[in-house]
Amino acid sequence: MTKSELIARLAERLGERNSQLVFKDAELAVKTILDAMASSLSQGQRIEIRGFGSFDLNYRPPRVGRNPKSGSSVSVPEKYVPHFKAGKELRERVDGALIPDEEVQY
Amino acid sequence: MTLTKAELADLLFDRVGLNKREAKDTVETFFEEIRTALESGDAVKLSGFGNFQLRDKPQRPGRNPKTGEEIPITARRVVTFHASQKLKGMVEQFHAND
């Protein structure tokens, strides 16, 4: 599923309940949510979505790396990288889908 | 200090002009649609943010760290997230001490 498919599904789902919410709103809503999540992380603020998961920053200490082409050493400064941990509901639904015969309780 | 569904709903109220009920509903549905796609085995690619992918992991031997007893860790499907270059670039600029 791509971002545009997500927008279309969101518009469809919400349109059923409320005709006011049209495609343009769904498009702006998805953009607003993703922008807020990205800017939150880039300010060092974690994200916690119950039943979905959490996004944190992981620290990477400075290290001496190598340019694979020339073999010369380069210092790589410390940095932070985004990290996602799936929440319980997402974990169970995704794992349960692997064994379709098994009854899965949420 | 943590971004949650409540803050996201407030943003939709402020910036998209949805009423409180629609905003809450939209945030819930946004994450539910992603869960549904992943549950059905479909990876989710959100350009500019990142990709949620699925990995099937085979059974492997494990151990109860308390008792030392050997118990197999069953085969499972897990979700992994790969941040886009754009998000990685934004986050790299963050320095805890600034």
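The preceding data block contains the structure.
In what follows, the accompanying structure is described. Note that the structure is predicted; figures quoted are calculated from it, not measured.

**Re the overall build of chain B**
Inference 1: Secondary structure assignment for chain B yields 3 helices and 6 strands.
Inference 2: Dimensions of chain B, computed from the C-alpha atoms along their principal axes, are close to 55 × 40 × 30 Å.
Inference 3: Every one of the 98 residues in chain B was classed for burial, and the buried ones make up 37%.
Inference 4: Considering only contacts within chain B whose residues lie at least 6 apart along the sequence, 29% involve residues at least 24 apart.
Inference 5: If you sum the accessible surface of chain B, you get close to 6,000 Å²; carbon and sulfur atoms cover 49% of it.
Inference 6: Taken as two groups, the 16 positive and 15 negative side-chain charges of chain B have centres that lie 5 Å from each other.

**Thoughts on the nonpolar core**
Inference 1: Ranked by size, the top nonpolar core spans 49 residues in total, and within it F52(A), F55(A), F84(A), L8(B), I34(B), F49(B) and F52(B) carry the most contacts.
Inference 2: Tallying contributions element by element places helix α2 (residues 23–42) of chain A first for this core, with 9 residues.
Inference 3: Setting aside residues no more than four positions away along its own chain, F52(B) makes contact with F52(A), F55(A), F84(A), I34(B), L38(B), A43(B), V44(B), L46(B), V79(B), T80(B) and F81(B).

**Details of the packing of α2(A) against helix α2 (residues 20–39) of chain B**
Inference 1: Running from amino to carboxyl end, α2(A) crosses α2(B) at an angle of 75°, the nearest separation of the two axes being 11 Å. Between α2(A) and α2(B), the crossing angle belongs to the class labelled roughly perpendicular. Two secondary-structure elements touch here, α2(A) through A29(A), V30(A), I33(A), L34(A) and M37(A) and α2(B) through T26(B), V27(B), F30(B) and F31(B).
Inference 2: Taken together, the residues that form the contact of α2(A) with α2(B) break down as 8 nonpolar, 1 polar and no charged.

**Examining helix α1 (residues 5–15) of chain B**
Inference 1: Inspection of α1(B) places L8(B), A9(B), L11(B) and L12(B) among the buried residues, and these make up the whole buried set. Down the axis of α1(B), the buried set is contained in an arc of 155°. They therefore lie on one face.
Inference 2: Residues of α1(B) that are buried make contact with α2 and β1 (46–49) of chain A together with β1 (2–3) and α2 of chain B.
Inference 3: Trailing α1(B) by a residue or two, G17(B) shows a phi angle of about 80°, which is positive.

**Some remarks on the side chain of E33(B)**
Inference 1: Inspection of the secondary structure puts E33(B) in helix α2.
Inference 2: Judged by its relative accessible area of 7%, E33(B) falls in the buried class.
Inference 3: In this structure E33(B) touches M1(A), L6(A), R9(A) and R13(A), once residues within four positions along its chain are discounted.

**As for the interface of chain B and chain A**
Inference 1: Contacts between the two partners involve 51 residues from chain B, matched on the other side by 52 residues from chain A.
Inference 2: Sorting the residues of chain B by area buried against chain A places L3(B), F30(B) and R35(B) first, and these three jointly supply 14% of that buried surface.
Inference 3: At the boundary of chain B and chain A, one finds 5 salt bridges.
Inference 4: E39(B) is paired through a salt bridge with R93(A); the nearest N and O atoms lie 2.7 Å apart.
Inference 5: Our count for the chain B to chain A interface comes out at 12 residue pairs in polar contact (both at pLDDT 80 or more).
Inference 6: Sorting the residues of the side of chain B that touches chain A by element identifies β1, α1, α2, β2 (44–46), β3 (50–57), β6 (76–83) and α3 (85–92) of chain B as the ones contributing at least two each.
Inference 7: The leading source of residues in the side of chain B that touches chain A is α2(B), at 15 residues.

So, how was this worked out
- Residues numbered from 1 in each chain as written.
- Chains lettered and ligands numbered in written order.
- Predicted model: local features only at pLDDT ≥ 70, side-chain atom pairs only at ≥ 80, totals over all residues.
- Heavy atoms only, no water.
- Helix = DSSP H or I, 4+ residues; strand = E, 2+ residues; numbered from the N terminus.
- Buried < 20%, exposed > 50% of the residue type's maximum accessible area, 1.4 Å probe, protein only.
- Contact = heavy atoms within 4.5 Å.
- Areas by Shrake-Rupley, 256 points an atom, 1.4 Å probe, with all protein chains shown as cover.
- Lys, Arg positive; Asp, Glu negative; His and termini not counted.
- Charge placed at Lys NZ, Arg CZ, Asp CG, Glu CD.
- Core = buried A, V, L, I, M, F, W, Y, C linked by side-chain atoms within 4.5 Å.
- Axes fitted to C-alpha atoms, helices over the stretch in contact; angles between N-to-C directions.
- Parallel < 35°, antiparallel > 145°, perpendicular 65-115°, else oblique.
- Nonpolar A, V, L, I, M, F, W, Y, C, P; charged D, E, K, R; others polar.
- Arc of directions from axis to C-beta.
- Buried area = accessible area lost by both parts, 1.4 Å probe.
- Salt bridge = Lys/Arg side-chain N within 4 Å of Asp/Glu carboxyl O.
- Polar contact = N/O pair within 3.5 Å; in protein donor to acceptor, adjacent residues only side chain to side chain.

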